[in-house]
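# Geometric and topological summary
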Amino acid sequence: MGKLVADIIVETLQSAGVKHCYGVVGDTLNLIARSLEKSEIEWVSVRHEEAGAFAAQAEAQVADRLTAVAGSCGPGSLHFINGIFEANRNRAPVILIASQIIRDELGFDFIQEVDFKQVYRDCSVFCDMIHTPEQARRKTVIACQTALAKRGVAVLIVPADISASVVDDSIPYAVHVSRPVTRPNDADLTEIADILNKSENVVLYGGSGCQGAHQEILAVANKLKAPIAHTSRAKDFLEFDNPYNIGMTGMLGNEAGYHALLDCDALLMLGADFAWRQFYPDKAKIIQVDIDPTHLGRRHPIAKGVVGDVKATLEALLPKLVERSDASFRAAYVKRYAEYRESERAKVAVGHEGSIPGTYLTQVISRHAAEDALFTADDGTPAAWAYRHIDANGQRRIFASLLHGTMANGMPSAIGLQKAEPGRQVVCMAGDGGISMLFGDLMTIVQQELPIKIAVYDNGKLGFVEIEQKAEGMLDTFTKLKNPNFAGVARALGLWGQTVSDADQLEAAVKDWLAQPGPALLHVHVNPMQLVMPPFMQVEPTIGMALYSTRAILHGRGGDVWEMVRENFL
Ligand SMILES: Cc1ncc(C[n+]2csc(CCOP(=O)(O)OP(=O)(O)O)c2C)c(N)n1
Ligand SMILES: [Mg+2]
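Below you will find a few notes about this structure. It should be emphasised that the depicted structure is a prediction, and the values quoted were computed from it without experimental measurement.

## Quick word on the overall build of the protein
Within the protein one finds 24 helices and 20 strands. In terms of overall size, the protein behaves like a compact globule, its C-alpha atoms giving a radius of gyration of 25 Å where 570 residues would be expected to give roughly 25 Å. With the principal axes as the frame, the protein shows a C-alpha extent of 75 × 65 × 45 Å. The proportion of buried residues among the 570 residues of the protein is 58%. Within the protein, contacts between residues at least 6 apart in sequence are counted, and of these 74% link residues at least 24 apart.

## Points about the packing of helix H9 (residues 186-198) against helix H13 (residues 310-317)
The axes of two packed helices give the description: the angle between them and the distance between them. Remark: H9 packs on H13, axes separated minimally by 10 Å, with the N-to-C direction vectors making an angle of 70 degrees. Classified by the angle between their axes, H9 and H13 sit roughly perpendicular to one another. Contacts between H9 and H13 pair Leu-189, Ile-192, Ala-193 and Leu-196 from the former with Thr-313, Ala-316 and Leu-317 from the latter. When grouped by side-chain class, the residues that make up the contact of H9 with H13 number six nonpolar, one polar and no charged.

## Quick look at the pairing of strand E5 (residues 94-100)
Among the seven residues that make up E5, seven are buried, leaving the element largely enclosed by the rest of the structure. Sheet analysis places strand E4 (residues 67-71) next to E5, joined by five bridges and oriented parallel. Bridging across to E5, Ala-68 finds its partner in Ile-95. In this structure, E5 lies alongside strand E7 (residues 153-159), joined through seven bridges in parallel fashion.

## With respect to the coordination of the magnesium ion (ligand 2)
Coordination sphere of the magnesium ion (ligand 2), protein contribution only: Asp-432 (OD), Asn-459 (OD1) and Lys-461 (O), at 2.0 to 2.1 Å. For the magnesium ion (ligand 2), all donor residues lie on one chain, and their spacing in sequence is D-x26-N-x1-K. Of the two residues, Asn-459 and Lys-461, neither departs from the other in class, the shared state being buried.

## Observations concerning the sheet that holds strand E16 (residues 397-400)
Pairing is parallel across the open sheet formed by six strands, whose spatial order is E16-E15-E17-E18-E20-E19. Pairing within the sheet leaves two strands with one partner each, and these edge strands are E16 and strand E19 (496-500). Across the sheet, the mean angle from the axis of one strand to that of its neighbour is 15 degrees, orientation sign disregarded. Judged from the five bridges that link them, strand E17 (residues 426-431) and strand E18 (residues 453-458) form a sheet pairing that is parallel. Looking at the pairing, Val-427 lines up with Lys-453 of E18. Where helix H22 (residues 503-515) meets the sheet, its contacts fall on E17, E18, E19 and strand E20 (520-525), and the angle it forms with E19 comes to roughly 170 degrees.

The rules behind these values
- Residues numbered from 1 in each chain as written.
- Chains lettered and ligands numbered in written order.
- Predicted model: local features only at pLDDT ≥ 70, side-chain atom pairs only at ≥ 80, totals over all residues.
- Heavy atoms only, no water.
- Helix = DSSP H or I, 4+ residues; strand = E, 2+ residues; numbered from the N terminus.
- Rg over C-alpha atoms; globule rule 2.2 N^0.38 Å.
- Buried < 20%, exposed > 50% of the residue type's maximum accessible area, 1.4 Å probe, protein only.
- Contact = heavy atoms within 4.5 Å.
- Axes fitted to C-alpha atoms, helices over the stretch in contact; angles between N-to-C directions.
- Parallel < 35°, antiparallel > 145°, perpendicular 65-115°, else oblique.
- Nonpolar A, V, L, I, M, F, W, Y, C, P; charged D, E, K, R; others polar.
- Pairing = 2+ DSSP bridges.
- Donors = N, O, S within 2.8 Å, 3.2 Å for Na, K, Ca; no water.

Have a look at this one:
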């Protein structure tokens with residue numbers, strides 16, 4: 001008996017583990033929509049496809065399962081693009097069903113014709129069209145399997161006449177996903193152990209590949225008396241219950257993490273692909289362990305690179321390491337980190353005249369949020385504050401756009417997290433620029449009845465960019481935002497909404513906001529001049545700030561300079 005191709009596609013998605021499909025329906029997608037409606041997959045209508053892709057990648061990451069998005073032909077499926085880049089860079093298994101005009105019209109510049117294969121080639125691990133109805137099951141299977149196995153986005157282009165076809169579907173192609181345990185061979189492990197055993201001061205540097213390897217990393221750090229630095233993406237996995245932690249390096253990092261990496265003799269990089277080359281040591285021997293062979297030595301020259309899961313590799317390496325007794329190197333950096341934390345904590349306080357610095361708001365949120373809360377943070381100052389001031393505890397997770405670096409990721413990613421984890425508290429830290437970019441999807445939150453808690457960090461500007469401009473010695477250019485009362489807008493859309501401008505009222509407002517049973521938006525006027533300070537004072541930004549200050553004063557804006565100095569240094 002024949003079967004409708006739309007049904008075959010949806011059945012295959014379901015068998016591959018898809019629980020939600022995010023998108024906007026339309027013409028070429030209608031038959032697939034009908035099949036989805038009959039299936040166990042839940043359709044989540046979004047207002048902008050980009051938001052759907054952000055949601056899907058967040059769900060795919062937190063639930064570790066394939067998640068779908070689907071769009072109509074032309075602009076419908078094109079709109080996903082930025083979220084698809086985010087998904088693919090985050091190694092989130094996502095499948096995009098990009099419906100297409102009928103095959104007979106392809107290649108003649110038909111209305112809404114877009115060559116999705118060209119468009120999505122650079123942001124996917126699989127991108128192909130179902131060319132004939134007969135290959136529908138096999139191609140959908142291989143799309144799902146590739147997304148899951150290679151961890152990224154599969155784009156499946158489906159012409160409308162193909163979804164409407166009926167074919168014999170008797171060949172049992174099915175999705176197979178295997179999760180092998182990978183570790184380097186014994187000779188490589190011996191070589192690594194030799195380098196580490198002979199080096200005086202060793203630092204461990206963990207990236208997102210350290211998920212699930214907390215115990216093994218601590219065991220290695222214990223034997224080598226090594227401090228543990230980490231990337232932002234590894235904060236969730238390495239900061240908690242870790243007496244050897246020295247925090248992050250990089251622009252969001254701290255001086256202990258930064259200097260330890262530069263001062264060590266051997267650096268053991270574990271599942272870390274940190275992109276900024278200036279933060280790598282030049283004199284140390286670098287050993288890199290990564291599950292992706294293409295990552296080895298691609299940021300900085302290394303002494304030895306091996307392919308493996310961090311957990312399995314360290315388990316096998318441990319017996320080869322010689323236990324040390326001298327922990328003075330580690331102790332020095334752990335102490336430096338503790339002092340940094342203490343001084344940072346002391347700096348984070350109510351601003352002048354009861355104003356609210358973004359850092360202070362973040363600490364208050366961290367104090368009152370649930371122990372197992374899931375956080376999202378918009379690119380911009382919210383992400384910087386989240387990584388510096390949300391306390392990790394092994395249960396909490398932070399999702400920010402660290403690899404793609406896109407604005408507006410926060411609120412829609414929260415949608416995916418809440419769909420995946422209905423019982424957990426989901427908190428979004430949004431920028432005023434970020435939230436406005438995909439504002440329409442606040443309505444998705446209401447329509448889906450998702451109890452997401454959104455804090456809008458309203459500094460009246462594209463703050464992070466303004467900081468960059470000042471560091472380059474520029475006056476702020478095109479960064480001002482004329483904002484509405486976000487709480488009023490939220491209420492008009494059906495969320496709970498409240499505005500806070502006074503630090504005195506912040507604590508109570510945050511508690512009230514987090515206690516709301518439904519979706520709630522807290523609009524907070526934060527200090528507009530707060531700077532994100534790097535872990536060291538570089539010469540260029542310092543000169544840049546001086547130049548900015550001189551120019552601002554010459555343009556009669558001495559008040560702005562005073563405000564900046566007062567918010568950050570006094
Ligand atoms: C889609 C996109 N457009 C532009 C940028 C450049 N950019 C990075 S951060 C930022 C400012 C974000 O402003 P806001 O959301 O208000 O956060 P703030 O830094 O002010 O707290 C901009 C414009 C980007 N990263 N992504
Ligand atoms: Mg802003």
